[in-house]
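Listed here are the chains, written in short residue letters.
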Amino acid sequence: MDPSYGITGKLLIWFFAIVTIFYSTILLLYLNFQQVVTISERLVNKNYAISDNSKKMLESLLSMEENEKKYRLLRKPDYLDFFTDARREFEISLRKIMALEKQGQILSPHWQNIYKTYQGFADQKAAQVKGQNSNQKTGEIWIPENVLNEWIGSISGAIRENQMQVKEATRELNQRGRMSAKNALIGLAISSFVGLLGVIYLAYSIIRPLRELMRGIRSISKDRKSIPLKIHSKDELGELATAFNEMAERLRQEERLRSDFISMLSHEIRTPLTSIRESVNMVGEEVMGPITARQHKFLEIAGSEIGRICDLLNHLMQASRLEPGALKLNREPVDSYSLVSTCIDSLKPLAAAKKISLLSEIPASTPDVLGDPQYIQQVFLNLIGNAIKFSDFQANVWIRVGGQNSNMLIFHVIDNGPGILDKDQTKLFNKFYRAPAVRDHLDGVGLGLSITKNIVEAHGGTIGVQSEVGKGSTFIFSLPVATVAGSGEQQSN
């Protein structure tokens, strides 16, 4: 079917196809039914009439023959009357049969011969019989016995022909009935098959683009990126796919402009901010002259806030650089055990402030991973730092190796914090997203997990979260094993 047809056009085409097959089947059934009616009318109007009247004629002829013999022996006028009545019944039945010819029915030659013989013999003998009755003579009966026997033979032959015609008509009726049933079943099967094909085709042509559209929408909502949808048709769904591709391209352009703007703004702000921070430090170190304790306290507060702004700018600049597909990696084997130990040591002061225990379950024999050491370290720092931030006082945070799968090493960062709602888990790795439950009482801009996800995926791994409210969260990510990927080899994306 032409993909340029709209959904309504496709539905109409399949509808008319099914209707055409249906009415074609009805037409065939009607034609067969007409044939059946014609055969039935012939049986009723001709064959049954001939069968009924021929039996009466045989009975009349036998009665005529019997009364003729009795009359000859006994010479009683009653037998002559019986003969005359039988002849009259014979004539009535013969005329009924001959009347069928005027109705367009084709009769056997036997009936033509009997009728001609009867008419000729009747004209010849009528006067003689009448004279015998009027003069009360007892002469010879006007229809001889040999003529009666000849007629009986002809009628018997006509009956046999009529019976053959009845058998043939009955056989034809049976064939027509079977043909009608067969055509009805074939028409029903074809209609059902075409209807099923139509349903399958329409369902496929509708469901396939809808599934692709749902996949594209989910990829935008989850990963903030979308592969352009393939346009398979020019119907309404094709137009919808085109509109979606245009929307996705517009979103990509806006995201790129936003990233460029954030990068430019962060760079432009960072230069004067560095000057401000150095000036505050110089004043705090009394380079410009002595200051009071109160002034020193406020300078420390200002320095701390300037540090927070610098960290925020660093995250913003980093987020703009770490877009999917734009990250440049210097791959090399990285000792997993040493890397995790270094990260734990650097985060111990942060954990100690909340009396949180960092528990590493990374064995020294853990295989090396292949990747950029700086970026991989940032992944662990971000995930462990988040676990510390969201854990309660005197809690535990575990860093584990969860096994090796398809040449990938799987890591787990586990905390027993408040957990994450299901509706927030799907958006957790989106840029600038922060769950409503933590926006008011915890610092952050919602870039850490987005950066972490981009780094892991740039290394060919995956990252996800398993969480239950009130029982904590587990972040699971994978990195390629160095011994499989090629130990000592450096690659650049």
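Residues numbered from 1 in each chain as written. Predicted model: local features only at pLDDT ≥ 70, side-chain atom pairs only at ≥ 80, totals over all residues. Heavy atoms only, no water.

Trainee: Requested: an account of the overall build of the protein, with residues and values cited.
Mentor: If you tally the helices and strands in the protein, you get 11 helices and seven strands. Counting all 493 residues of the protein, 38% fall into the buried class. A separation threshold of at least 6 residues defines the contact pool for the protein, and within that pool the share at least 24 residues apart is 74%. Of the roughly 29000 Å² of accessible surface on the protein, 57% is carried by carbon and sulfur atoms. (Helix = DSSP H or I, 4+ residues; strand = E, 2+ residues; numbered from the N terminus. Buried < 20%, exposed > 50% of the residue type's maximum accessible area, 1.4 Å probe, protein only. Contact = heavy atoms within 4.5 Å. Areas by Shrake-Rupley, 256 points an atom, 1.4 Å probe, with all protein chains shown as cover.)

Trainee: Break down unusual backbone geometry for me, citing the residues and quoting the values.
Mentor: Located in the positive-phi region is Arg75, a residue other than glycine, with phi close to 55°. You can see Arg75 is positioned in the loop between helix H1 (7–74) and helix H2 (77–102). A positive phi angle is found at Lys355, which is not glycine, with a value near 55°. Taking relative accessible area as the criterion, Lys355 reaches 57% and is therefore assigned exposed.

Trainee: Give a description of the side chain of Thr366 that names residues and reports values.
Mentor: By the secondary structure assignment, Thr366 is in the loop between strand E2 (357–361) and strand E3 (369–371). Of the polar contacts made by the side chain of Thr366, one reaches the backbone oxygen of Pro363; its length is 2.7 Å. (Polar contact = N/O pair within 3.5 Å; in protein donor to acceptor, adjacent residues only side chain to side chain.)

Trainee: I'd like a description of the confidence of the model for the protein, backed by residues and values.
Mentor: Of all residues in the protein, 80% have pLDDT values of 70 or greater, and the mean over the chain is 78. Within the model, the stretch residues 133–141 combines pLDDT values under 50 with 16 contacts to residues more than four positions away or in other chains. Across residues 484–493, where pLDDT falls below 50, the model places 20 contacts with residues more than four positions away in sequence or in other chains. (pLDDT = per-residue confidence, 0-100.)

Trainee: Describe in detail the pairing of strand E5 (residues 408–415), supporting the description with residues and values.
Mentor: With eight of its eight residues buried, E5 lies for the most part within the structure. Going residue by residue along E5, you find Met408, Ile410, His412 and Ile414 tucked away on one face and Leu409, Phe411, Val413 and Asp415 tucked away on the opposite face as well. Of the pairings in the sheet, the one linking E5 to strand E7 (residues 472–480) comprises eight bridges and is antiparallel in character. Across the sheet, Val413 pairs through a bridge with Phe475, a residue of E7. (Pairing = 2+ DSSP bridges.)

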